[in-house]
Amino acid sequence: MIRVPNPVSVPSSAGEAFRAAVADRVARGATGDTVLREPSWRLPDALAAALRDSAALPAGAGWRVLRGALGGLPEPGPTPRRWSEADATETAGHDVALALLASVLGRPFGWAHQQAGRLVHNILPSPESATGQVGASSSVPLEWHTEDAFHPERADFLILACVRNPDRVGTRLASVRELGLPAHDVERLQRPALAITPDDSYGEWQNPAAVIGMPTVWHRADGLCVRYDPSYSNPIGDDREFAAAYGELAAGFERCGFEVPLSPGDVVIVDNDVMVHGRVAFSARYDGTDRWLKRILVRSPRQRHPAENAEHGYSQRIIAPDGTET
Ligand SMILES: [Fe+2]
């Protein structure tokens with residue numbers, strides 16, 4: 001099912017001011033990694049407030065498309081074949097714009113061992129990852145998942161910006177709140193029956209001695225939340241009731257999931273606790289014209305399951321906008 005969203009556009013006056021601010025920061029040498037380090041490069045308060053009005057998810061909403069929010073930026077060149085080949089200068093317009101936009105929703109961050117700690121990630125098909133369960137895959141569907149489900153400090157908001165998408169490859173979304181899960185399944189899915197590990201986009205991680213079980217669903221003040229990544233989940237014990245409920249959850253995502261078509265300049269903002277996301281399979285050409293998204297992760301801490309406070313997160317370290325690691 002393709003769901004054409006009721007997109008929100010940034011008001012034209014704020015959009016013009018935003019593009020001018022991005023051009024100014026780029027002209028002064030900012031990149032996606034550095035633009036949030038320099039206080040004088042921050043957005044003026046009034047502009048940040050206007051962008052926040054457009055970008056913030058309304059209460060109860062798990063996603064939103066900001067139509068054309070990154071439109072009118074300089075052409076960043078051909079789609080690279082690997083994230084590491086993206087030129088930070090050529091793509092500075094998109095990277096700076098996305099970092100500034102994300103900053104109005106919370107604190108953007110990166111991971112030390114994912115895409116070399118960059119703040120703005122490049123999501124594009126790479127030949128060696130074509131069949132993997134990572135954003136660089138193409139010939140297989142990217143299965144439903146919570147972004148960085150393995151970690152207690154995972155993003156509250158996942159933000160994807162479309163640089164190009166000539167084949168209209170769909171980004172898939174599904175809300176745990178639209179599945180109509182019966183109470184007995186919700187109870188079973190709250191059991192800490194799975195351990196979720198880092199995905200293959202993390203260059204290095206060690207399996208700690210302590211195996212920590214993680215609940216798949218929990219209740220936040222505004223409704224049910226989910227933590228889900230079956231491709232990287234290992235069962236703890238043999239809880240058949242949980243396994244049956246987990247199967248119902250997977251079937252529900254397939255039944256209620258939908259595709260959001262993204263065009264160049266569009267930005268989709270996803271509540272990473274309410275929605276799972278994925279991508280349909282597609283044929284990559286590796287000729288510079290493939291689908292190219294930019295991704296940024298944002299912490300804007302809300303309530304999570306209290307048991308997460310004791311998790312080790314597989315020792316993955318966060319990179320703050322000022323470059324420090326924690
Ligand atoms: Fe993802």
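Reference entry: report on the structure contained in this document. (Residues numbered from 1 in each chain as written. Predicted model: local features only at pLDDT ≥ 70, side-chain atom pairs only at ≥ 80, totals over all residues.)

1. Here we look at the overall build of the protein chain
Item 1. A count of helical and extended segments in the protein chain gives five helices and 15 strands.
Item 2. Scaling as 2.2 N^0.38, a compact globule of 326 residues should have a C-alpha radius of gyration of about 20 Å, and the protein chain matches this with 19 Å.
Item 3. If one aligns the C-alpha atoms of the protein chain with their principal axes, the spans along those axes are about 60 × 40 × 40 Å.
Item 4. For the protein chain, buried positions account for 44% of its 326 residues.
Item 5. When contacts within the protein chain are restricted to residue pairs at least 6 apart in sequence, those whose partners lie at least 24 apart make up 83%. (Helix = DSSP H or I, 4+ residues; strand = E, 2+ residues; numbered from the N terminus. Rg over C-alpha atoms; globule rule 2.2 N^0.38 Å. Buried ≥ 20, exposed ≤ 12 C-beta atoms within 10 Å, placed from the backbone. Contact = placed C-beta atoms within 7 Å.)

2. A closer look at the pairing of strand β12 (residues 267–271)
Item 1. A large share of β12 lies buried, amounting to five of its five residues.
Item 2. Residues Val267, Ile269 and Asp271 line one face of β12 and the alternating positions Val268 and Val270 line the opposite face, and both faces are buried.
Item 3. Across four bridges, strand β1 (residues 63–66) lies against β12 in antiparallel orientation. Each bridged residue has a counterpart across the sheet, and for Arg64 the counterpart in β12 is Ile269.
Item 4. Bridge count between strand β5 (residues 157–164) and β12: five bridges; the pairing is antiparallel. Bridge pairing links Phe157 to Asp271 in β12. (Pairing = 2+ DSSP bridges.)

3. What to know about the sheet that holds strand β4 (residues 142–145)
Item 1. The four strands are arranged β4-β13-β6-β11 in an open sheet whose pairing can be described as antiparallel. Sheet topology places β4 and β11 (258–260) at the edges, where each strand pairs with a single neighbour. When strand polarity is set aside, the average angle formed by the axes of neighbouring strands in this sheet is 25°.
Item 2. As paired strands, strand β6 (residues 171–175) and strand β13 (residues 275–279) are joined by five bridges and run antiparallel to one another. For Ala174, the partnering residue across the bridge sits in β13 and is Val276. (Axes fitted to C-alpha atoms, helices over the stretch in contact; angles between N-to-C directions.)

4. Some points on the packing of helix α1 (residues 12–27) against helix α3 (residues 92–103)
Item 1. Where α1 meets α3, the closest approach of the two axes is 9 Å, and the angle between their N-to-C directions is 120°. Put simply, α1 runs oblique to α3. Seen along the crossing, α1 lies across α3 with a hand that is right-handed. Along the contact surface, α1 presents Ala21, Val22, Arg25 and Val26, while α3 presents Ala92, Gly93, Val96, Ala97 and Leu100.
Item 2. Taken together, the residues of the contact of α1 with α3 sort by class into seven nonpolar, one polar and one charged. (Parallel < 35°, antiparallel > 145°, perpendicular 65-115°, else oblique. Left-handed = near helix turned anticlockwise from the far one by under 90°. Nonpolar A, V, L, I, M, F, W, Y, C, P; charged D, E, K, R; others polar.)

5. A look at unusual backbone geometry
Negative phi characterises most residues that are not glycine, and trans characterises most peptide bonds.
Item 1. Although it is not a glycine, Asp148 sits at a positive phi angle of roughly 50°.
Item 2. Judged by the 23 C-beta atoms lying within 10 Å of it, Asp148 falls in the buried class.
Item 3. Its identity is not glycine, yet Arg168 carries a phi of approximately 55°, on the positive side.
Item 4. Residue position: Arg168 is located in the loop between β5 and β6.
Item 5. Overall, Arg168 belongs to the partly exposed group, with 13 C-beta atoms counted inside 10 Å.

6. Description of the pairing of strand β8 (residues 217–220)
Item 1. Bridging between β8 and strand β9 (residues 223–226) involves four bridges; their strand directions are antiparallel. From the neighbouring strand, His219 faces β9, where its bridge partner is Leu224.

So far we have only geometry, and geometry alone does not tell us how the molecule works.
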